[in-house]
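The residues making up each chain are set out below.
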Amino acid sequence: MRPESGPLKHMRLDPERAGSDQTEIVPPGPECPDSSDRPVPDQPEHVRPGDERPEGEPMGHVPPGRDRAEGDRPEDERPGGVPRGGMPSGGVRPERVPPEAVRAGGERLEWVRLGLWRVAPAVLGLGLAVLALGPALGQGLVLRYDLVFVPDPPLLPDRGGFPRAVPSDLVVALLSRVLPVEVVQKGLLVGVFVLAATGAAALVPPERRLARLVAAACYAWNLYLAQRLLLGQWALLLGVAGLPWAVRAVGMSGTRPASGARPASGARLMSGARATRRARFAPLTRLGAALLPAAVGGFQAMLVSALTLLPIAVARRRVTVVAGVLALFSLPWAVPALGSGAVTDPAGVDAFAARADGPFGVLGSLLSLGGIWSADAGLPGQESWWLATARLLMVGVGLFGYVRLRSDPDRPAWWGGLAVAAAAGFGLAALGAFQPGREALKWLVALWPGFGPLRDGQVYLAPLVLLVAVGLTAALRSGVSASVGVVAPVLVLPTLAFGAFGRLAAVTYPPDWTAVQRIVNADPAPGALLSLPWGAHRAFAWNGGRIVLDPATKLFERRVLWDDTLYVGLPDGGRLRVRGEDPLNRRAGELLAAGDLARLPARYVLVAASQNGFLLERAGFKTIFRGKDLHLLRR
């Protein structure tokens with residue numbers, strides 16, 4: 001820029017004052033002519049005045065008496081021999097990069113960055129799975145309560161009673177034909193965490209990247225999930241993990257053609273018709289895919305999904321479609337249940353009622369997303385007041401954030417329906433906490449055994465867990481607060497880590513189990529197998545003393561007679577007996593109690609090696625296998 005005329009338009013540095021902040025002002029004169037008085041011809045923007053090349057002179061010629069400017073010097077005369085652009089002396093000058101290439105490179109980097117944020121919830125879910133399962137990911141199988149996987153599971157076993165493991169056991173058996181059963185179990189357990197994290201994140205707008213991780217962490221790491229995991233209810237958790245995807249599918253709007261679009265003809269009309277059909281069935285396809293995990297999980301997972309999705313469907317006017325898909329996916333367990341002849345003991349209402357697992361009573365425990373009926377499902381230290389207070393505060397922040405979403409202009413379409421489902425689920429869970437509620441449930445169960453699933457009301461807290469996860473993202477939107485929200489679920493529930501401090505660990509079945517399995521499954525003669533000792537659960541030394549459902553119930557292709565009676569400890573130290581659901585098991589128990597072993601409807605008897613089989617041999621059974629852990633007798 002040319003300086004303005006005046007006393008300050010000519011300046012030069014005094015060589016003796018170099019490095020100082022003083023500048024000598026020189027008036028115009030012969031020593032410093034006023035260049036503003038000299039006309040400057042029009043030049044290209046990149047040519048300096050005085051750099052004009054006379055005709056006939058070669059490019060780069062410098063007139064006599066004029067020094068070369070730094071940019072005019074040859075490369076070997078520049079300081080250090082470094083040319084413009086940083087090329088070493090003698091190097092080849094790079095060609096100028098077109099702006100289009102620069103923009104393309106920036107777009108590629110942006111796509112990579114967006115891709116990393118897109119997979120971040122899945123990576124977070126995988127990390128939480130590794131942290132939570134810990135030793136359970138080692139060699140072998142995890143055996144704890146209902147978490148019973150066996151080597152070479154049969155495809156179509158003959159089972160009686162209520163179909164609790166339908167179709168989950170069939171899916172495990174099919175996958176075990178392709179992969180080792182150990183890999184199948186670990187994949188399903190890890191999949192629960194990854195599916196839960198990605199599903200919760202999918203309910204948050206994609207531009208709120210850190211908030212998506214908050215939802216992912218909260219939904220994949222909470223007391224509800226931890227307690228159900230310690231009870232071994234992986235099939236239920238699989239359906240709960242897929243619940244956010246189902247909510248998203250019901251809440252999404254179907255794509256319809258624009259009302260003002262002009263009709264086309266010929267091939268374009270046919271293509272448009274196909275697109276219209278795809279758009280019409282798109283919501284149905286999305287919902288079917290989202291409900292697959294719950295369909296695999298079975299009756300509890302589907303009931304929780306129905307409780308969550310139907311209020312949203314009412315608000316979205318899609319009751320027919322949603323109810324139809326739910327009914328279709330419930331057929332694998334509903335049809336066998338209707339013909340099973342299973343009975344339900346009303347005493348289970350008292351056994352499965354929600355209980356206090358912290359210092360704030362039953363309702364405080366339920367609000368903390370806990371309150372399960374089994375004391376063996378508790379985590380180490382979860383009853384401490386400071387952890388319980390932290391969990392309750394986190395849930396309170398989530399509820400506050402979810403209420404704030406009501407006034408948000410971008411409020412999701414499923415907001416009201418999920419709130420109704422969460423309130424209904426909490427009401428069902430709290431119903432068994434009070435005597436009038438328990439009496440009402442007992443009356444319903446006695447009226448029709450189909451109301452039996454309402455006994456375990458705490459299971460219906462799942463929509464509240466999802467609501468809290470979404471609400472946290474509204475309260476902790478970005479910055480430091482959102483970063484704290486990502487790690488807060490782990491901080492308030494630290495003892496879920498490392499397999500709940502050793503409560504989940506992988507073990508290997510002793511060889512006796514596979515030996516008796518081969519003998520029994522190879523016998524074509526009909527007849528059931530009786531499993532002794534007469535009791536539903538086992539505590540094997542080789543399993544670290546962890547309580548597990550009798551593995552014999554899933555090991556054989558033929559019908560297994562076992563004691564499905566459940567004994568639940570009470571807070572006062574007593575035990576509550578809940579009678580089994582299978583009439584044939586009840587009949588076998590009565591014969592054993594009467595000592596009438598000859599009339600047992602069984603061809604095989606599987607006995608623990610510690611038990612004496614003398615009475616069975618007197619009743620006509622002969623020992624055909626005697627191992628270190630098991631004895632097998634056949635009539």
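1. Describing the overall build of the chain
- In terms of regular secondary structure, the chain is built from 23 helices and 13 strands.
- Expressed as a percentage of the 635 residues in the chain, the buried residues total 45%.
- Summarising the internal contacts of the chain: among those between residues at least 6 apart in sequence, 73% fall at separations of at least 24.

2. Considerations on the sheet that holds strand 12 (residues 622–626)
- Pairing is mixed in the open sheet, where five strands are placed in the order 8-5-11-13-12. The two strands at the open ends of the sheet, each matched to only one other strand, are strand 8 (560–561) and strand 12.
- Examined bridge by bridge, strand 12 and strand 13 (residues 630–634) share four bridges and lie antiparallel to one another. Residue pairing in the sheet places T623 in a bridge with L633 of strand 13.
- Contacts between helix 20 (residues 511–521) and the sheet are confined to strand 5 (529–531), strand 11 (604–608), strand 12 and strand 13, with strand 13 contributing the most and set at about 15 degrees to the helix.

3. Topic: unusual backbone geometry
- The omega angle of the peptide bond from V166 to P167 is 0 degrees, so this bond is cis rather than trans.
- Its location among the elements puts P167 in the loop between strand 3 (141–142) and helix 2 (168–176).
- Here the bond from L532 into P533 is cis, since omega is 5 degrees, no more than 30 degrees from zero.
- Tracing the chain through its elements places P533 in the loop between strand 5 and strand 6 (537–538).

4. Concerning the pattern of salt bridges
- By the definition in use, this model includes 13 salt bridges.
- Across the pair D169 and K554 runs a salt bridge, and its minimum N-O distance is 2.8 Å. Linking D169 in helix 2 with K554 in helix 21 (residues 552–555), this pair joins segments that are 385 residues apart in sequence.
- Residue R228 pairs with D456 through a salt bridge whose shortest N-O separation is 2.9 Å. With R228 in helix 5 (residues 223–230) and D456 in the loop between helix 16 (435–447) and helix 17 (462–475), the pair connects residues that are 228 residues apart, well separated along the chain. Here the two residues R228 and D456 agree in accessibility, since each one is buried.
- Through salt bridges with shared partners, a single ionic network connects R159, D169 and K554.

5. Regarding the nonpolar core
- Judged by nonpolar contacts, the single largest core of 131 residues is most densely connected at Y219, Y224, W234, L287, L291, L309 and F556.
- The biggest single contributor to this core is helix 3 (residues 181–202), with eleven residues.
- Discounting chain neighbours no more than four positions away, the residues touching L287 are A246, A249, V250, L309, V322 and V325.
- Within the second largest apolar cluster, 15 residues are counted, among which are A528, L530, V605 and A619.

6. Examining the confidence of the model for the chain
- When the pLDDT values of the chain are averaged, the result is 85; 79% of them are 70 or greater.
- Low pLDDT (under 50) marks residues 30–51, which in the prediction has 18 contacts with non-local residues, meaning those over four places away or in another chain.
- Here residues 254–264 scores under 50 on pLDDT; set against residues more than four positions off or in separate chains, the count is six contacts.

7. With respect to the pairing of strand 11
- Counting buried positions over the five residues of strand 11 gives five, a clear majority of the element.
- Here strand 11 shows no split at all, with Y604, L606 and A608 on one side and V605 and V607 on the other all buried.
- Across three bridges, the pairing between strand 5 and strand 11 is parallel. Paired with L530 across the strands is V605, a residue of strand 11.
- When strand 11 meets strand 13, the two strands line up antiparallel, connected through five bridges.

8. Some thoughts on a nonpolar patch on the surface
- Residues V112, L116, V119 and V123 make up a contiguous nonpolar surface patch of roughly 370 Å² in combined accessible area.
- As for its position among the elements, V123 is in helix 1 (residues 99–133).
- We classify V123 as exposed; its relative accessible area is 53%.

9. Notes on the packing of helix 4 (residues 209–220) against helix 18 (residues 479–492)
- Between helix 4 and helix 18, whose axes approach to 7 Å, the crossing angle comes to 20 degrees. With respect to each other, helix 4 and helix 18 are oriented roughly parallel. Viewed along their axes, helix 4 and helix 18 form a crossing whose handedness is left-handed. Every residue of helix 18 that contacts helix 4 at L210, L213, V214, A217 and C218 is listed here: G479, A482, S483, G485, V486 and P489.
- Classifying every residue of the contact of helix 4 with helix 18 by side-chain character gives eight nonpolar, three polar and no charged.

10. Comments concerning helix 18
- Spanning 14 residues, helix 18 covers 20 Å between terminal C-alpha atoms, matching the ideal 20 Å at 1.5 Å per step.
- When the local axis directions of helix 18 are compared, the greatest deviation, roughly 40 degrees, occurs at V486, which is followed within four positions by the proline P489.
- When we look at burial in helix 18, the residues that qualify are A482, G485, V486, A488, P489 and V492.

11. Overview of the packing of aromatic side chains
- According to the stated counting rule, one finds twelve aromatic pairs in the structure shown.
- Judged by centre distance (5.5 Å) and plane angle (90 degrees), the rings of W448 and F451 are edge-to-face.
- Given the relative accessible area of 26%, F451 is considered partly exposed.
- Consider the rings of Y509 and W513, whose centres lie 5.9 Å apart with planes at 65 degrees: the pair is edge-to-face.

12. A closer look at the environment of P293
- Looking at the element boundaries, P293 is found in helix 9 (residues 292–297).
- Given a relative accessible area of 16%, P293 falls into the buried group.
- As for P293 and A246, which are separated by 47 residues in sequence, their C-alpha atoms are 9.9 Å apart.
- Those residues in contact with P293, other than ones at most four positions away along the chain, are L195, L238, G239 and G242.

13. Notes on helix 7 (residues 243–251)
- For helix 7, the buried fraction is high: seven of the nine residues fall into the buried class.
- Of the positions making up helix 7, those classed as buried are L243, P244, A246, V247, A249, V250 and G251.

Definitions and cut-offs
- Residues numbered from 1 in each chain as written.
- Predicted model: local features only at pLDDT ≥ 70, side-chain atom pairs only at ≥ 80, totals over all residues.
- Heavy atoms only, no water.
- Helix = DSSP H or I, 4+ residues; strand = E, 2+ residues; numbered from the N terminus.
- Buried < 20%, exposed > 50% of the residue type's maximum accessible area, 1.4 Å probe, protein only.
- Contact = heavy atoms within 4.5 Å.
- Pairing = 2+ DSSP bridges.
- Axes fitted to C-alpha atoms, helices over the stretch in contact; angles between N-to-C directions.
- Salt bridge = Lys/Arg side-chain N within 4 Å of Asp/Glu carboxyl O.
- Core = buried A, V, L, I, M, F, W, Y, C linked by side-chain atoms within 4.5 Å.
- pLDDT = per-residue confidence, 0-100.
- Patch = residues over 30% accessible without salt bridge, like charges linked within 9 Å, V, L, I, M, F, W, Y side chains within 5 Å.
- Areas by Shrake-Rupley, 256 points an atom, 1.4 Å probe, with all protein chains shown as cover.
- Parallel < 35°, antiparallel > 145°, perpendicular 65-115°, else oblique.
- Left-handed = near helix turned anticlockwise from the far one by under 90°.
- Nonpolar A, V, L, I, M, F, W, Y, C, P; charged D, E, K, R; others polar.
- Expected span 1.5 Å × (residues − 1).
- Bend = angle between axes of the 7 residues up to and from the residue.
- Phe/Tyr/Trp six-rings, centres within 6.5 Å; stacked < 30°, edge-to-face > 60°.

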